[in-house]
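# Coordinate analysis (summary)
Here's the letter readout for the chains.
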Protein chains: 2
Amino acid sequence: MLNSADERLAARLPEGVLRDVAPAYLDEPRDRWKGTAGLVAAPRDADEVAAVVRACADARVPIVPRGGGTGLVAGQVLPDGALPLILSMERMTAIRAIHPDENVVIAEAGVTLQSLRDAAADVGRLFPLSLAAQGTAQIGGCLAVNAGGVNVLRYGNTRALCLGIEAVMPDGSVIRSLPRLRKDNTGYSIRDLLIGAEGTLGIITAASLVMEAIPASTGTALMAVEGPEAALELLSRAQARMAGCVSAFELISGQGMRFLAETMPQVRLPFAEPPEWMVLIDVGLPEGLEAASALENLFIEAAEAGLVDDGLIAQSEQQAADFWNVRESIPEANRKIGAVASHDISLPLSEVAGFIEEAGAQLADRNVRVNCFGHLGDGNLHYNLFPAEGRSRADYDDQRAGLSRLVHELAVARGGSFSAEHGVGRLKVGDLERWGDPARLAAMRAIKSALDPLGIMNPGAVLRA
Amino acid sequence: MLNSADERLAARLPEGVLRDVAPAYLDEPRDRWKGTAGLVAAPRDADEVAAVVRACADARVPIVPRGGGTGLVAGQVLPDGALPLILSMERMTAIRAIHPDENVVIAEAGVTLQSLRDAAADVGRLFPLSLAAQGTAQIGGCLAVNAGGVNVLRYGNTRALCLGIEAVMPDGSVIRSLPRLRKDNTGYSIRDLLIGAEGTLGIITAASLVMEAIPASTGTALMAVEGPEAALELLSRAQARMAGCVSAFELISGQGMRFLAETMPQVRLPFAEPPEWMVLIDVGLPEGLEAASALENLFIEAAEAGLVDDGLIAQSEQQAADFWNVRESIPEANRKIGAVASHDISLPLSEVAGFIEEAGAQLADRNVRVNCFGHLGDGNLHYNLFPAEGRSRADYDDQRAGLSRLVHELAVARGGSFSAEHGVGRLKVGDLERWGDPARLAAMRAIKSALDPLGIMNPGAVLRA
């Protein structure tokens, strides 16, 4: 049994780490879960984090680590049971070192993704992780959930960008392993175990991370396609032409454009008549090529093959930003419409079109609108359901669970995943139990018991407490 | 205490899995360790592997998994204690599925790296892992040690190429998780824990792996450079020009060329006068560029900057193969000379030149010849020591341990690693204990105890038994 964080625990914490239990520490972006807290602590370095963890371990008090709070699976809020100590990384915001000649940056967990991208840009490098919440999301949280985003196609998930971590383990010991090395095969990858463990096995306090060369020529295009199958054929041709230099390949649906027109008229929409499906493509090419010409050549080839109907190639950085603004505004438009149920699924690429067709058919008589968009190049769809016109979210309260179950079942049946890039959190613990490989789950539970025998680290996230 | 594999155990194994205990199962390439075995089993599928593991668990018999046997750290041989059962993957050689439209291939552990590369090439794709032993090395072994090789710079280590695994755990349970997904954030990455665990936490029996687009234009060059620092400046300029499309950047020393001339006169050497340092560069570029021209432009820029003295750009595939033959023959020449001590270290890129200078100075009075070569783009040096002319390996028997300790100490002091791409095996258990982060080591031991409480899985590798 765990105890609530209280004044006695507060008295045992390092001086000056406590914060007021403000409402912002108890929220998650979708307002479906409400957190609780006995205390909020914001340590300044790994040693203070370790002291807080040891105090909580002694007192048997649950710890909920908190980064930017932008997670979408309720990993950052503990809604019931003993009142936790919220461990906020807000004061660990140093970029400890940046090595442009090594393409390595060492950042504390509380650095926002945008700050990290800016720091890399300042030394002429790219930190490639990019997602809509990057102004608020912190790198520690991105590591905790192995965040994805729009550039995974070329540069990989957060995991692929991490060379090493500093982390506080559940017993208060500190791993200090921040190598600036591309190769370091010296035993079990505890780094990769903590990445994606959502704060249930330890707390990442800093990381050494990969930067990339900025491509000599970058370009952006929007292309209207017949459907997802044509889009993926377009991607395959693009990769063959561009030697894998396609960095983003995003799907946008007509429904997404209609939601934008309805809720965010200030967003400038491309194409007079919004196509039913379009893709947003980013490429980054070597010297000697013009990205805009390369995209034009791709468009010509694709048009001849009947894959694309229409296309716009950005002629300026502003126009590229406008195209991206369309894509990045869709989640906001979705919020304004109000989703019945949101999904973050992934599929084998050759199953994407079949899934969209089958799911559409199965949902036809459920009286919902589907906005299917996302990172098509990664097979990652945000397959979100909205009320039919004239109806409200509340009308679907007793359908929501069944609808999500249906979407997840269809994805899993095709070899897909019920969580592509957001993680498990508390929202999808049941999904993991239902669809997770039993032997893998047993190994996960054994590791959780071995590393966190008291069960204080983010209890109830990923695995049932 | 563990028991030796014997006739009673043999009687409990699945029919037909046993093999003769041939000498080849007891070898490792450097002939420094001699394995033992009570039985050799070669199961045909994961269920048979599981049956073997369960039988060994019941009988408390150690298991040593064996792939191609090319590992260089003695992970594949158990030299003392209870006689193990050698679990050979030689009959699990199926490529179960290949999906060129998804860039995914699913292969059993016993498939050789060369077969995997050929299978990908047959469908117009690249399986990017490449190393000198690829004709014999098996993908299961490559996963077990997280093998590196020559294309890590662009495509990552083996870990980066793996999407999922089928694996038999120490209790005989089978993880069957072979997703064809780029994004799948559903709990702890047991995959990444088993990758690099060198068979001490379970046995990988199959994997789903990433393929890549074949670049439209590929090219190879040899450039003579002033030294490692100039070489790394050249790499930085190459990456900036080529948008990260440099796939190999190998260092070759004059000593390596002299060893080649001495022991393998059939290898055609470039340059009439071998330079003291040169780099071998591979690039793979998008359509619209000619790799040979791009390399020529790079050479011109580098020559103007005083970084390169001389250069050869391959004008045909044959010439590119000849260049690579020089590089790939160096390990064989080394074997013919007979190394006093071999090292597989990595360094932060900006520490490479300083390390080479410092190590050279410290070794100046030790009467050894240094052949320093390897994957410079990854900061990964094979810093190998050879007898002075007229002396033999045996003359150094009482110096060997001290020389290795010196090299490793100098590397670690500069933020480097004592094992870049070969793993820990049994050879470097002491190094890991000496230099491994204590909290990370404690976590490793806790996980080992939790997943393999009987200690039967490759005992003595990575962690002391």
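Per chain, residues are indexed from 1 in the order of the written sequence. Following the order in which they are written, the chains are lettered starting with A and the ligands numbered starting with 1. Given that the model is predicted, a residue must reach a pLDDT of at least 70 before its local features are reported, and side-chain atom pairs must reach 80 or more before they are shown or counted; all residues, however, enter totals for whole chains, interfaces and linings. No hydrogens and no water enter the side-chain calculation; it runs on all heavy atoms of the structure.

Identification of chain A as FAD-binding oxidoreductase from Paracoccus albicereus is taken from an unreviewed UniProt entry. UniProt positions are given in the numbering used here, feature names are shortened, and annotations may be inferred rather than shown by experiment. In its Sequence similarities (unreviewed entry) section, UniProt records this for chain A: "Belongs to the FAD-binding oxidoreductase/transferase type 4 family."

Within the UniProt annotation, "domain: FAD-binding PCMH-type" (unreviewed entry) is assigned to residues 26-214 of chain A. In residues 26-214 of chain A, helix accounts for 21% and strand for 23%; the two terminal C-alpha atoms are 38 Å from one another. Secondary structure is summarised from DSSP: a helix means a run of H or I of at least four residues, a strand means a run of E of at least two, and numbering begins at the N terminus for each.

Further remarks concern the relation of the copies chain A and chain B. Overlaying chain A with chain B gives an RMSD of 0.0 Å, the required rotation being 180° about an axis along which the chain moves by 0.0 Å. Given the turn and translation reported, the copies of this chain are related as if by a two-fold rotation axis. Only heavy atoms matter for contacts: two residues are in contact if any of them lie within 4.5 Å across the pair. Here 100% of the interface residues in chain A have copies in chain B that are interface residues too; the copies meet face to matching face. The least-squares superposition of copies is restricted to C-alpha atoms, and to residues with a pLDDT of at least 70 in both copies.

Further remarks concern the sheet that holds strand 5 (residues 95-99) of chain A. Residues and elements named next belong to chain A. Reading across from one edge, 5-6-10-8-9 is the order of the five strands in this open sheet, with antiparallel pairing throughout. The outermost strands of the open sheet, each flanked by one partner alone, are strand 5 and strand 9 (174-177). Averaged over neighbouring strand pairs, the angle between their axes works out to 15° when direction is ignored. Relative to strand 5, helix 3 (residues 113-122) is tilted by about 35°, and along the sheet it contacts strand 5, strand 6 (104-108) and strand 10 (203-210). DSSP bridges decide pairing: two strands pair if at least two such bridges lie between them. Where helices are involved, their axes are fitted lines through C-alpha atoms of the stretch in contact, as for all axes, and angles between N-to-C directions lie from 0 to 180°.

Here we take up the sheet that holds strand 5 (residues 95-99) of chain B. Residues and elements named next belong to chain B. The five strands lie next to each other as 5-6-10-8-9, forming an open sheet whose pairing is antiparallel. Each end of this open sheet is capped by a strand with a single partner; those strands are strand 5 and strand 9 (174-177). Taking each pair of neighbouring strands and ignoring which way they run, the sheet shows an average axis angle of 15°. The pairing of strand 6 (residues 104-108) with strand 10 (residues 203-210) spans five bridges and is classified as antiparallel. Each residue of the ladder has a partner; that of Val105, found in strand 10, is Leu209. Helix 2 (residues 46-59) contacts strand 8 (162-168), strand 9 and strand 10 of the sheet and is inclined by roughly 45° relative to strand 8.

Here the focus is the pattern of salt bridges. Think of a salt bridge as a Lys or Arg side-chain nitrogen and an Asp or Glu carboxyl oxygen that are within 4 Å of each other. Applying the stated rule across the entire model yields 62 salt bridges over all chains. As a salt-bridge pair, Arg335 of chain A and Glu332 of chain A come within 3.2 Å of each other at their nearest N and O atoms. Of this pair, Arg335 of chain A and Glu332 of chain A both sit in helix 10 (residues 317-337), three residues apart, roughly one helical turn. For Arg335 of chain A, a relative accessible area of 52% corresponds to the exposed category. We note a salt bridge from Arg405 of chain B to Glu409 of chain B, for which the minimum N-O separation is 2.9 Å. Of the two residues, Arg405 of chain B and Glu409 of chain B are both situated in helix 12 (residues 400-413); the distance of four residues between them amounts to about one turn of the helix. For every residue, the accessible area obtained with a 1.4 Å probe (protein chains only) is divided by the maximum for its type, and the residue is called buried under 20%, exposed over 50%, and partly exposed between those limits. On the accessibility criterion, Arg405 of chain B (35% relative accessible area) is partly exposed. Judged by its relative accessible area of 35%, Glu409 of chain B falls in the partly exposed class. What emerges from the salt-bridge pattern is a single network uniting Arg159, Arg191 and Asp192 of chain A together with Arg159, Arg191 and Asp192 of chain B.

What follows deals with the interface of chain A and chain B. Of the residues lining the interface, 84 residues belong to chain A; the matching set on chain B comes to 84 residues. Note: buried area is the sum, over both parts, of the accessible area (probe 1.4 Å) each one loses when the two are combined. Of the roughly 6,200 Å² buried between chain A and chain B on both sides combined, carbon and sulfur atoms contribute 58%. When the buried surface of chain A facing chain B is broken down by residue, Lys183, Asn185 and Tyr188 of chain A rank first, second and third, together holding 17% of it. Counting the contacts that link chain A with chain B gives eight salt bridges. A salt bridge links Lys183 of chain A to Asp378 of chain B, with the shortest nitrogen-to-oxygen separation between them at 3.1 Å. Pairing of N or O atoms within 3.5 Å defines a polar contact, subject to two protein rules: one partner must be a possible hydrogen donor and the other a possible acceptor, and residues neighboring in sequence count only if both atoms are side-chain atoms. Taken together, chain A and chain B are joined by 42 residue pairs in polar contact (both at pLDDT 80 or more). Listed by contribution, the elements that provide at least two residues to the side of chain A that touches chain B are helix 5 (152-155), strand 9, helix 6 (190-194), helix 7 (228-242), strand 14 (277-285) and helix 14 (438-451) of chain A. Element by element, the count of residues in the side of chain A that touches chain B is highest for helix 14 of chain A, at nine residues.

Glancing now at the side chain of His343 of chain B. Tracing the chain through its elements places His343 of chain B in the loop between helix 10 (317-337) and strand 16 (344-346). With residues near it in sequence (within four places) discarded, His343 of chain B still touches Leu381, His382, Tyr383, Asn384, Leu385, Leu403, Ser404, Val407 and His408 of chain B.

Put simply, a nonpolar core is a bunch of buried Ala, Val, Leu, Ile, Met, Phe, Trp, Tyr and Cys residues held in one set by side-chain atoms that sit within 4.5 Å of each other. The biggest cluster of nonpolar side chains holds 102 residues, and the ones touching the most others in it are Phe355 of chain A together with Phe355 of chain B. Sequence-distant contacts of Phe355 of chain B, that is, excluding residues within four places in its chain, are made with Ile345, Leu347, Gly360, Leu381, Tyr383, Val407, Leu410, Ala411 and Arg414 of chain B. Leu113, Ala120, Cys162 and Leu209 of chain A belong to the second-largest nonpolar core, a separate cluster that totals 90 residues.

This paragraph deals with the pairing of strand 4 (residues 85-88) of chain B. The side chains of a regular strand alternate between both faces of the sheet. Residue and element names in this part refer to chain B. Here strand 4 shows a buried face lined by Leu85 and Leu87 and a second buried face lined by Ile86 and Ser88. Bridging between strand 3 (residues 63-66) and strand 4 involves four bridges; their strand directions are parallel. Paired with Val64 across the bridge in strand 4 is Ile86.

Okay, the packing of helix 14 of chain A against helix 14 (residues 438-451) of chain B next. Here helix 14 of chain A crosses helix 14 of chain B at 130°, and the two axes come no closer than 9 Å. Of the possible angle classes, the one that applies to helix 14 of chain A and helix 14 of chain B is oblique. As for the relative orientation of helix 14 of chain A and helix 14 of chain B, their crossing is right-handed in sense. Side by side, helix 14 of chain A and helix 14 of chain B meet where Ala443, Ala446, Ile447, Ala450 and Leu451 of chain A of the first sit next to Ala443, Ala446, Ile447, Ala450 and Leu451 of chain B of the second. Per-class residue counts for the contact of helix 14 of chain A with helix 14 of chain B are ten nonpolar, no polar and no charged. Reported orientations rely on four angle classes, namely roughly parallel under 35 degrees, roughly antiparallel over 145, roughly perpendicular from 65 to 115, and oblique for the rest. Handedness of a crossing follows from how the near helix is turned relative to the far one, being left-handed for an anticlockwise turn of less than a right angle and right-handed for a clockwise one. Amino acids are sorted into nonpolar (Ala, Val, Leu, Ile, Met, Phe, Trp, Tyr, Cys and Pro), charged (Asp, Glu, Lys and Arg) and polar (every other residue, Gly among them).

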